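The lines below spell out each chain.
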Amino acid sequence: MNSIKIHGNQPLKGVVQVHGSKNAAIPLVCASLLAKGKVLFRNVPRISDIDDLVAILRKLDCNVRFKGHLLMIDNTNLKYKPLLFEECSKIRGSYYLIGVFLTLFSKCEILLPGGCKIGKRPIDLHLDAFEQLGFESKTEGNKLFLVKKKEVTDVVVRLKNKSVGASLNALFSCLATDQVILENTLFEPEGKDVIVFLKQIGYCIDVEEDRIYYKKKSLDFRFVKHAIIFDRMETMTYVIMGLLCGNLTIQNAPIADLQYPLELLLQSGYQISFTGTVIKAKKSKGKGICLKTAPYPGFPTDLQALFGVLNAVGEGESVMEECIFENRMHIYSDLLKAGASIRVEGNKVYLKGVNQLAAISCQACDLRHAAALILMGLCSTGTTVIEQYDLIERGYEDFIRKTIAMGAEIEVLLNQVPNNVNG
Ligand code: EPZ
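Keep in mind the model is a prediction, meaning the values are calculated, not measured.

### Let's talk about helix α10 (residues 330–337)
Here is step 1 of the chain: Restricting attention to buried positions, one finds in α10 the residues H330, I331, Y332, D334 and L335.
Here is step 2 of the chain: Of the residues one or two after α10, G339 is the one with positive phi, at around 105 degrees.

Here's what the structure looks like:
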């Protein structure tokens, strides 16, 4: 198990570049199979979830070249195969291939998706949308099978609940159907970037509030280039790092898509300024921030744990409520161990800011928990040990190296697997 040691309370200073968005890149790479011709993505994050998707595309006989932040995908030789590759069950986003395969092949066999353990994370909303589009699904063990059962045309598909993944998957799966209206959809900035790409490759899609209007027409051959939007969550992770530990300048920040969380920080008195695509965040104290996570444009659930660390050493009281996922409160037991004044009741947490946290040993459970633990370690007195810290690599490019470059004292302890013990 890989772990890190953080010698806390080092002053951080420097400039950090935000990379392309994980939650845009994942559906975009899957959507590239829907293009008629080559696709070149720019600003692709170098993260393990994308490496896993690239491995899947190569197993589907796509020609994929990934150099720096450029990803070239040629799906000319793509053919139908059961998606039973190990990478499919490692990440959540592999499920976008279901919608893509239903449009391309009218069928799909896939290992059930993996992803962060932040709740049950069912895919019932996806399956319900597929069924409304004429597909029948069945699960056998850890495999999911779908096949076209009836032809539909000129159909209205209503998603039963707000879901980022189900909205995109419903869109991917309807592109072989003549005329579709999708209702009750939820597209965050990342999903909107995917729609921009689908229109670039020739699909006729109109978006209105929480509705999608789609009209099928034949695609002409194109070579499409698409620059992926920058990562909102990575941006805010570095902003909070600056507010906790130093004086950071964050470049390539998608500020227009972060108005709500940035406004909360400003109103609480934190030393933060922003203009264009640059945010400056200085070590400062702010009043406790009360929030409830909600579907976009509400407060992003992916920032909840990070704001929890900030509130733990902020001024005064705060109440935070996680309303999207049922098991995303891991960080609060770690903060309690580190000396925070905290009370958790179900998905609600009551905090009272303390002056200082003390270093602890802990273990990351998911991507954003890993990020929150690292922030906690950076602002704790003593040496924090974090096991499974490398979960961070699923969604943050070069996070440890970038943080060390800004003055953090971090030791990486890779798992020393003993040589052949019999040898
Ligand atoms: C996407 O997850 C993101 N993942 C998540 O980011 C993000 O937290 C979430 O959207 C909300 O913004 C990716 O984009 C790969 P949902 P997704 O479907 O699509 C329930 C990160 O840290 N639900 O909007 O899975 C679900 O359990 C990750 O980057 C069903 O009940 O989110 C949750 O309670 C974590 N049935 C709620 O809906 C379904 O079929 C919202 O989930 C689907 C979802």
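What follows continues from the structure just given.
### Details of the sheet that holds strand β10 (residues 179–183)
Within a beta sheet, neighbouring strands are joined by backbone hydrogen bonds and run either parallel or antiparallel to one another.
Here is step 1 of the chain: Here we have four strands laid out as an open sheet, ordered β9-β10-β12-β11, and mixed in their pairing. Unpaired on one side and paired on the other, β9 (155–158) and β11 (204–208) mark the two borders of the sheet. The sheet shows a mean angle of 15 degrees between the axes of neighbouring strands, taken without regard to direction.

### Topic: the site of the ligand
Here is step 1 of the chain: Around the ligand, 22 residues are found, and the nearest of them are D124, S163, E188, D302 and I324.
Here is step 2 of the chain: At 3.0 Å, a side-chain N or O of K22 approaches an oxygen atom of the ligand.
Here is step 3 of the chain: A distance of 2.8 Å separates an oxygen atom of the ligand from a polar atom in the backbone of L125.
Here is step 4 of the chain: For the ligand, whose free accessible area comes to 830 Å², the fraction covered by protein is 90%.
Here is step 5 of the chain: Secondary-structure elements contributing two or more residues to the shell around the ligand are α1 (22–31), α4 (124–132), α5 (164–173) and α11 (367–378).
Here is step 6 of the chain: Examining the composition of the shell around the ligand, we find that three residues originate from one element, α4, more than from any other.
Here is step 7 of the chain: Split by residue class, the shell around the ligand holds nine nonpolar, five polar and eight charged.
Here is step 8 of the chain: In terms of domain composition, the shell around the ligand takes at least three residues from each of domain 1 (3–18 + 230–412) and domain 2 (22–224).

### What about α5?
Here is step 1 of the chain: Buried residues dominate α5, accounting for nine of its 10 residues.
Here is step 2 of the chain: All buried positions along α5 are accounted for by G165, A166, S167, L168, N169, A170, L171, F172 and S173.
Here is step 3 of the chain: Where α5 begins, the side chain of S163 points an oxygen toward the backbone nitrogen of G165, at a separation of 3.5 Å.

### What to know about the packing of α10 against α11
Helix-helix packing is described using two parameters, namely the angle between the two axes and the distance between the axes.
Here is step 1 of the chain: Across the interface, α10 lies against α11 with an axial gap of 10 Å and an inter-helix angle of 20 degrees. Comparing their axes, α11 and α10 come out roughly parallel. When you trace α10 past α11, the crossing you get is right-handed. Residues H330, I331, D334 and L335 of α10 form the contact with α11, whose own contacting residues are H369, A372, L373 and M376.

### Digging into the side chain of S32
Here is step 1 of the chain: Tracing the backbone shows S32 in the loop between α1 and β3 (39–42).
Here is step 2 of the chain: What makes S32 buried here is its relative accessible area of 0%.
Here is step 3 of the chain: A polar atom in the side chain of S32 sits 2.6 Å from the backbone oxygen of V29.
Here is step 4 of the chain: For S32, the residues in contact, after removing those within four places along its chain, are V39, F41, L57, I73, N75 and F197.

### Notes on the packing of aromatic side chains
Here is step 1 of the chain: Taken as a whole, this structure holds 11 aromatic pairs when the rule is applied.
Here is step 2 of the chain: Seen in terms of ring centroids, F299 and F307 are 4.9 Å apart; in terms of plane orientation they differ by 80 degrees. Their pairing is edge-to-face. Comparing F299 with F307, the two get one shared label, buried.
Here is step 3 of the chain: The structure contains a cluster of three or more aromatic residues connected by ring pairs, namely Y80, F101 and F105.
Here is step 4 of the chain: Its guanidinium or amino end placed over the ring of Y80, K107 lies 4.3 Å from that ring's centre, counting from NZ or CZ.
Here is step 5 of the chain: Note that R343 overlies the ring of Y350, its terminal NZ or CZ placed 4.2 Å from the centroid.

### Observations concerning the pairing of strand β16 (residues 278–282)
Here is step 1 of the chain: A one-sided burial pattern is seen for β16, the buried positions being I279 and A281 and the unburied ones V278, K280 and K282.
Here is step 2 of the chain: Relative to β16, strand β14 (residues 246–251) runs antiparallel, the two sharing four bridges. Directly across from L248, in β16, lies its bridge partner A281.
Here is step 3 of the chain: Examined bridge by bridge, strand β15 (residues 272–275) and β16 share four bridges and lie antiparallel to one another.

### Re the sheet that holds strand β13 (residues 224–227)
Here is step 1 of the chain: A sheet is described by the order of its strands in space; here four strands give the open sequence β4-β5-β3-β13, paired in mixed fashion. This sheet does not close on itself; its edge strands, each paired only once, are β4 (63–67) and β13. Adjacent strand axes in the sheet meet at a mean angle of 10 degrees, parallel and antiparallel pairs treated alike.
Here is step 2 of the chain: Judged from the four bridges that link them, β3 and β13 form a sheet pairing that is parallel. Counterpart to R42 in the pairing with β13 is A227.

### Overview of the pairing of strand β24 (residues 383–387)
Here is step 1 of the chain: As defined by bridge partners, strand β1 (residues 3–7) adjoins β24 across five bridges and the pair is classed as antiparallel. Directly across from H7, in β24, lies its bridge partner T383.
Here is step 2 of the chain: Of the strand pairs in this sheet, strand β22 (residues 361–363) and β24 are connected by three bridges, and their pairing is parallel. Following the sheet pairing, S361 is matched in β24 by V385.

### Some words on the domain arrangement of the chain
Here is step 1 of the chain: Its domain assignment divides the chain into domain 1 (3–18 + 230–412) and domain 2 (22–224).
Here is step 2 of the chain: One C-alpha centre belongs to domain 1, the other to domain 2, and the line joining them spans 31 Å.
Here is step 3 of the chain: In total, domain 1 and domain 2 occlude about 1,800 Å² of area from one another, counting both sides; carbon and sulfur atoms represent 49% of this.
Here is step 4 of the chain: Three residues, Y296, R394 and E397, lead the burial of domain 1 against domain 2; their summed loss comes to 38% of the area buried on that side.
Here is step 5 of the chain: Between E326 and K120 there is a salt bridge, with the nearest N and O atoms lying 3.6 Å from each other.
Here is step 6 of the chain: At the junction of domain 1 with domain 2, the criterion picks out eight residue pairs in polar contact (both at pLDDT 80 or more).

The rules behind the values
Positions within a chain are numbered from 1, following the residues in the order the chain's sequence is written. A pLDDT threshold of at least 70 governs which residues receive local features in this predicted model, and a stricter bar of 80 or more applies before side-chain atom pairs are shown or counted, although totals over entire chains, interfaces and linings include all residues. Values shown for side chains rest on all heavy atoms present in the structure; no hydrogens or waters enter the calculation. Under the scheme applied here, a residue whose accessible area is under 20% of the maximum for its type counts as buried, over 50% as exposed, and between as partly exposed, the area being computed with a 1.4 Å probe on protein chains only. For helices the rule is a DSSP run of H or I covering at least 4 residues; for strands it is a run of E covering at least 2, with both sets numbered from the N terminus onward. If DSSP finds at least two bridges between two strands, the strands pair. Here the axes come from fitting lines to C-alpha atoms, over the contacting stretch only for helices, and the angles between their N-to-C directions go from 0 to 180 degrees. Each residue is tested against the molecule or strand, and it is near if at least one of its non-hydrogen atoms lies within 4 Å. Distance and chemistry together define a polar contact, namely a pair of N or O atoms within 3.5 Å, with one atom able to donate a hydrogen and the other to accept it when in protein, and with adjacent residues in sequence counting only for side-chain atoms on both sides. To measure how exposed things are, a 1.4 Å probe is used in the Shrake-Rupley method; for residues, cover is taken only from the protein chains shown. Under the grouping applied here, Gly and all other residues not named as nonpolar or charged are polar, the nonpolar ones being Ala, Val, Leu, Ile, Met, Phe, Trp, Tyr, Cys and Pro and the charged ones Asp, Glu, Lys and Arg. Domains are outlined according to an automatic or database domain assignment. Any angle that falls under 35 degrees is termed roughly parallel, while one over 145 is termed roughly antiparallel, one within 65 to 115 roughly perpendicular, and all others oblique. Two helices that cross are described as forming a left-handed crossing if the nearer one is turned anticlockwise from the farther one by less than a right angle, and a right-handed crossing if clockwise. The contact rule is simple, with two residues in contact once any of their heavy atoms fall within 4.5 Å. In this scheme Phe, Tyr and Trp rings, the latter by its six-membered ring, pair at centre separations within 6.5 Å, and the angle between planes marks the pair as stacked below 30 degrees, edge-to-face above 60, and tilted otherwise. Whether a charge sits over a ring comes down to the Lys NZ or Arg CZ being within 6 Å of the ring centre and within 35 degrees of the ring normal. The term buried area refers to how much accessible surface (probe radius 1.4 Å) is lost by two components on association, counted for both of them together. For this analysis, a salt bridge means a side-chain nitrogen from Lys or Arg found within 4 Å of a carboxyl oxygen belonging to Asp or Glu.

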